[in-house]
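# Overview (structure and organization)
This is what each chain is made of:
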Amino acid sequence: WFHIEPKAAGGLFGPTFLIAGIAGTLIAGQVISKTGASGARKTVERIFRYMRLSVWIALPAAALAPVAPSISLQIAVIAAAIFCVSSVNSLSSMPFLLLVPTHIRAQAVAFLALVTALVGTGLGPMLVGILSDTLAFTQQPLPIALACVGMRAAAIAAFLLQWLVKRARQMTETHIQQ
């Protein structure tokens, strides 16, 4: 990693992760709350649109980070990706809280947390490890594996969010017509 000591890399990456993560979470909440209150369905549509935009910004960041020509650019790209991922994470339970009936809301959020844990902390690291082992012939297999898995996950998320935006828009239009 640009021939710097792990301690120095942690000193650069740690504050970047912390600041970008906090900023992504806070700004996502502000953006959604500032767009006006026009009902739960419209708010959910806005949330999905914001999440989709965040994922589309994070997608090229996942591709660029491992091949950035300088550590400064690499840290900046990583910061953008962390900002966007934190935005998505902070908003992910909101549609459940806004649309799911009260008596099953806790189960719905728990199911979301379970799926997130199984895929995000179970499948993701396992895929990175397998791909990193497969790419052992390259000079830096781990960054390439992280980028490949991250890009695929972001692309899947972007397409799912595209579908959710369309579905939320249809729900809103149907609700308005009734």
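Our subject is the structure listed above.
Our subject in this report is the structure included herewith. (Residues numbered from 1 in each chain as written. Predicted model: local features only at pLDDT ≥ 70, side-chain atom pairs only at ≥ 80, totals over all residues. Heavy atoms only, no water.)

## With respect to the state of the cysteines
Note the following rule: Cysteine sulfur atoms that pair up within 2.5 Å are treated as a disulfide. Burial status follows relative accessibility: with a 1.4 Å probe on protein chains alone, a residue under 20% of its type maximum counts as buried, one over 50% as exposed, and anything between as partly exposed.
If you walk through the whole model with that rule in mind, you get zero disulfides. Cys84 takes part in no disulfide bond, and the closest cysteine sulfur, belonging to Cys148, lies 20 Å away. We classify Cys84 as buried; its relative accessible area is 5%.

## Examining the nonpolar core
Across soluble globular proteins, you tend to see nonpolar side chains buried next to one another. Selection criterion: Side-chain atoms within 4.5 Å are what join buried Ala, Val, Leu, Ile, Met, Phe, Trp, Tyr and Cys residues into a set we call a nonpolar core. Here a strand is any run of E in DSSP of at least two residues, a helix any run of H or I of at least four, and the numbering for each starts at the N terminus. Any pair of residues with heavy atoms lying within 4.5 Å of one another is described as a contacting pair.
In terms of nonpolar packing, the biggest core is built from 16 residues, with Phe48, Met51, Val55 and Leu91 touching the most fellow members. Elements with a contribution of two residues or more to this core: α1 (6-34), α2 (40-64), α3 (71-91) and α6 (141-177). Broken down by element, the residue count for this core peaks at seven residues, all from α2. With sequence-adjacent residues up to four places away left out, Met51 is seen in contact with Val88, Leu91, Ser92 and Leu161. Residues Ala61, Ala65, Val77 and Ile82 belong to the second largest nonpolar core, which totals seven residues.

## Section: the packing of α1 against α3
Here is the rule we go by: Each axis is a line fitted through C-alpha atoms, and for a helix only the stretch in contact is used; angles between axes span 0 to 180 degrees, taken between their N-to-C directions. Working rule for angles: under 35 degrees goes down as roughly parallel, over 145 as roughly antiparallel, 65 to 115 as roughly perpendicular, anything else as oblique. Here is the rule for handedness: rotate from the far helix to the near one, and if that takes an anticlockwise turn smaller than a right angle the crossing is left-handed, while a clockwise turn gives right-handed. Polar here means any residue other than Ala, Val, Leu, Ile, Met, Phe, Trp, Tyr, Cys and Pro, which are nonpolar, and Asp, Glu, Lys and Arg, which are charged; Gly is therefore polar.
The N-to-C vectors of α1 and α3 enclose an angle of 40 degrees; their axes lie 7 Å apart at closest approach. As the angle between them shows, α1 and α3 are arranged oblique. Crossing of α1 against α3: the hand is right-handed. Two secondary-structure elements touch here, α1 through Leu12, Phe13, Thr16, Phe17, Ala20, Gly21, Ala23, Gly24, Thr25, Ile27, Ala28 and Ile32 and α3 through Ile71, Ile75, Ile78, Ala79, Ile82, Phe83, Ser86, Ser87, Ser90 and Leu91. Per-class residue counts for the contact of α1 with α3 are 15 nonpolar, seven polar and no charged.

Remember, this is a structural readout, not a statement about activity or role.
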